[in-house]
Amino acid sequence: MAGSFCRGRFLALFDYKTEKYIIAKNKKVGILYRLIQLSVIGYIIGWVFITKKGYQETEEAIQSSVITKVKGVSVTNTTESGLLVWGPEDYAIPPQGDAVLFVVTSFLETPNQKLGYCAESPKVADGLCQGDEDCEEGRLVLAGNGMKSGRCLKKDGHSKGTCEIYGWCPVERAFKPKGPLLTNAENFTIYIKNFIQFPKFSFSKSNVLETTDESYLKRCRYDEERHPYCPIFRLGDITRRAGHNFQDMATLGGSIGMSIQWDCNLDKGYSHCHPQYHFTRLDTSVSNKTVAAGFNFRHARYFKNGSGESYRSLFKVYGVRFNIMVHGKAGKFSIVPTAINVGSGLALLGAGAFFCDMILLYVMKKGNSYRERKFENTSDTKEESKVNGADVPKDTAENQRLTL
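A short tour of the structure in this document, coming up. Here the structure is a predicted model, which means the values were calculated and not measured. (Residues numbered from 1 in each chain as written. Predicted model: local features only at pLDDT ≥ 70, side-chain atom pairs only at ≥ 80, totals over all residues. Heavy atoms only, no water.)

Some points on the side chain of Thr 239
Here comes step 1: Mapped onto the secondary structure, Thr 239 falls in helix 5 (residues 235-241).
Here comes step 2: Within the local environment of Thr 239, its side chain forms a polar contact with the backbone oxygen of Gly 236, the two atoms lying 3.0 Å apart.
Here comes step 3: Once you skip the residues sitting within four places of it in the chain, Thr 239 turns out to touch His 244, Asn 245, Phe 246, Met 249 and Ile 256. (Helix = DSSP H or I, 4+ residues; strand = E, 2+ residues; numbered from the N terminus. Polar contact = N/O pair within 3.5 Å; in protein donor to acceptor, adjacent residues only side chain to side chain. Contact = heavy atoms within 4.5 Å.)

Let's talk about the nonpolar core
Here comes step 1: Ranked by internal contacts, the top residues of the largest apolar core, which has 44 residues, are Tyr 91 and Ile 238.
Here comes step 2: Elements supplying a minimum of two residues to this core: strand 2 (63-71), strand 6 (100-119), strand 10 (189-198), helix 5, helix 6 (246-250), strand 13 (254-265), strand 14 (275-281) and strand 16 (310-333).
Here comes step 3: Top contributing element to this core by residue count: strand 16, with seven residues.
Here comes step 4: Residues in contact with Tyr 91, not counting those within four places in the same chain, are Val 70, Lys 71, Gly 72, Val 73, Trp 86, Phe 102, Val 103, Val 104, Leu 182 and Phe 188. (Core = buried A, V, L, I, M, F, W, Y, C linked by side-chain atoms within 4.5 Å. Buried < 20%, exposed > 50% of the residue type's maximum accessible area, 1.4 Å probe, protein only.)

Concerning the environment of Asn 245
Here comes step 1: Relative to the elements of secondary structure, Asn 245 occurs in the loop between helix 5 and helix 6.
Here comes step 2: Residue classification places Asn 245 among the partly exposed residues on the basis of a relative accessible area of 40%.
Here comes step 3: The spacing of Asn 245 and Glu 186 is 59 residues in sequence and 9.5 Å in space, taken between C-alpha atoms.

Remarks on the state of the cysteines
Here comes step 1: All chains considered together, the criterion is met by five disulfides.
Here comes step 2: Disulfide pairing is shown between Cys 118 and Cys 169; the S-S distance is 2.0 Å. The S-S bond linking Cys 118 to Cys 169 shows a torsion near -80°; that makes this disulfide left-handed. Here Cys 118 is found in strand 6, whereas its partner Cys 169 is found in strand 9 (residues 161-169), with 51 residues between them in sequence. Comparing Cys 118 with Cys 169, the two get one shared label, buried.
Here comes step 3: Across the disulfide, Cys 135 is cross-linked to Cys 163 (sulfur-sulfur distance 1.9 Å). (Disulfide = S-S within 2.5 Å.)

Overview of the pattern of salt bridges
Here comes step 1: Applying the stated criterion to the full structure yields 13 salt bridges.
Here comes step 2: Through salt bridges with shared partners, one network takes in Glu 186, Arg 234, Asp 237 and Arg 240. (Salt bridge = Lys/Arg side-chain N within 4 Å of Asp/Glu carboxyl O.)

A word on a nonpolar patch on the surface
Here comes step 1: On the surface, Leu 115, Tyr 117, Leu 140, Met 147 and Tyr 166 cluster together to form a nonpolar patch covering roughly 510 Å² of accessible area.
Here comes step 2: Secondary-structure assignment places Met 147 in strand 8 (residues 146-153).
Here comes step 3: Met 147 gets classed as partly exposed once you look at its relative accessible area, which sits at 33%. (Patch = residues over 30% accessible without salt bridge, like charges linked within 9 Å, V, L, I, M, F, W, Y side chains within 5 Å. Areas by Shrake-Rupley, 256 points an atom, 1.4 Å probe, with all protein chains shown as cover.)

Here we look at the packing of helix 2 (residues 27-51) against helix 7 (residues 335-362)
Here comes step 1: Interaxial distance between helix 2 and helix 7 falls to 10 Å at its minimum, and their mutual angle equals 160°. With respect to each other, helix 2 and helix 7 are oriented roughly antiparallel. Read as a crossing pair, helix 2 and helix 7 show a hand that is right-handed. Along its contact with helix 2, which presents Val 29, Leu 32, Tyr 33, Ile 36, Gln 37, Val 40, Ile 41, Tyr 43, Ile 44, Val 48 and Phe 49, the element helix 7 presents Thr 338, Asn 341, Val 342, Gly 345, Leu 348, Leu 349, Gly 352, Ala 353, Phe 355, Cys 356, Ile 359 and Leu 360. (Axes fitted to C-alpha atoms, helices over the stretch in contact; angles between N-to-C directions. Parallel < 35°, antiparallel > 145°, perpendicular 65-115°, else oblique. Left-handed = near helix turned anticlockwise from the far one by under 90°.)

Considerations on unusual backbone geometry
Here comes step 1: At the junction of Ile 93 and Pro 94, the peptide bond is cis and its omega measures out at -5° in the coordinates.
Here comes step 2: Relative to the helices and strands, Pro 94 is located in the loop between strand 5 (92-93) and strand 6.
Here comes step 3: In this model, Cys 169 is joined to Pro 170 through a cis peptide bond whose omega is -5°.
Here comes step 4: Its identity is not glycine, yet Asn 112 carries a phi of approximately 55°, on the positive side.
Here comes step 5: Mapping Asn 112 onto the fold places it in strand 6.
Here comes step 6: A relative accessible area of 46% means that Asn 112 is categorised as partly exposed.
Here comes step 7: Located in the positive-phi region is Ala 143, a residue other than glycine, with phi close to 55°.
Here comes step 8: If you trace the backbone, Ala 143 turns up in the loop between strand 7 (128-129) and strand 8.

Describing helix 7
Here comes step 1: The end-to-end C-alpha separation of helix 7 is 41 Å, in line with the 40 Å expected for 28 residues at 1.5 Å each.
Here comes step 2: Pro 337, Thr 338, Gly 345, Gly 352, Cys 356, Asp 357, Ile 359, Leu 360 and Leu 361 are the residues of helix 7 that are buried.
Here comes step 3: Buried residues in helix 7 make contact with helix 2, strand 1 (56-59), strand 16 and helix 8 (367-374). (Expected span 1.5 Å × (residues − 1).)

These figures come from the coordinates and say nothing about function on their own.
See the structure below:
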């Protein structure tokens, strides 16, 4: 007896059990179910597979190298500096070419500074004084230009003065430029060479046209339609594409972001992976004019005279800073993401049936009738049931009822 029971349980492992389906003659629920199915299918095909390319394996960890080179010449003539010719080695900082590049468009020079004693600038709050007691000897001036000597220097008839300091004298003159000095800067060109690689797919490419014509880079300028693989940009065109005028930015400076976007569908081949350029202004002076508008910094040039004394010329330079940012994504067909997205879509289709069941069970008026047909309860207290007037075991009766 026990052997028969165990044998029956073992053979039951090889039984196939299917779900029970009930056809509900309700047009409203039927239309709703079909609409849900169509919506899910449209989402899977339109959004997941066509728009987001869910059948592809993707990589966004792009490896990139950017090399820049600026060309152009300009001439300035100021009282402090005299007649100067500016080349890329003078106005491009850093000159070796990085992904972040600064181009000088205007400057203020304080020439021939020498270490010694002089009055602190009246623009420095910590350098103002009414007497010598306000200029403690040996104390550094906060946000100033040197170390206090202990003396308060006043002009005739003034109750306030400035502390005498030891530093590079004379101190920098405090005024702003009235216009760009390198007026030809908008005609400078910047050569942006970008190499990218997607290591997962062993794919690499450059934004430079692959040609044997050595004169191409000497005469081309970037154009989205005619020369998409020319990496040479005119500075005035860059600011124009960002929605601003170069001459307006050149006086006090600014910051331009240049984004190179690589979206590569590798299923279409090497020739369908193209760089896309986007330009935008980044500094805060776009929306309103504030005291912090523009972009500038200071640097100095040091030299010695014939007797060996050290001097320097201090430059406060204004200009446009270019930030070159590279982003990208590559995709290629793979069976794994395809299977995952198809499986997810089938699961969503099942959610439509669940939602319609909830409506039939709990919203429709005949929900009790549908519930009686959908769910069958068996009694554990009876060992046998009658089928066609004969006593048969409970399991046999249940099996016959399910296969009707």
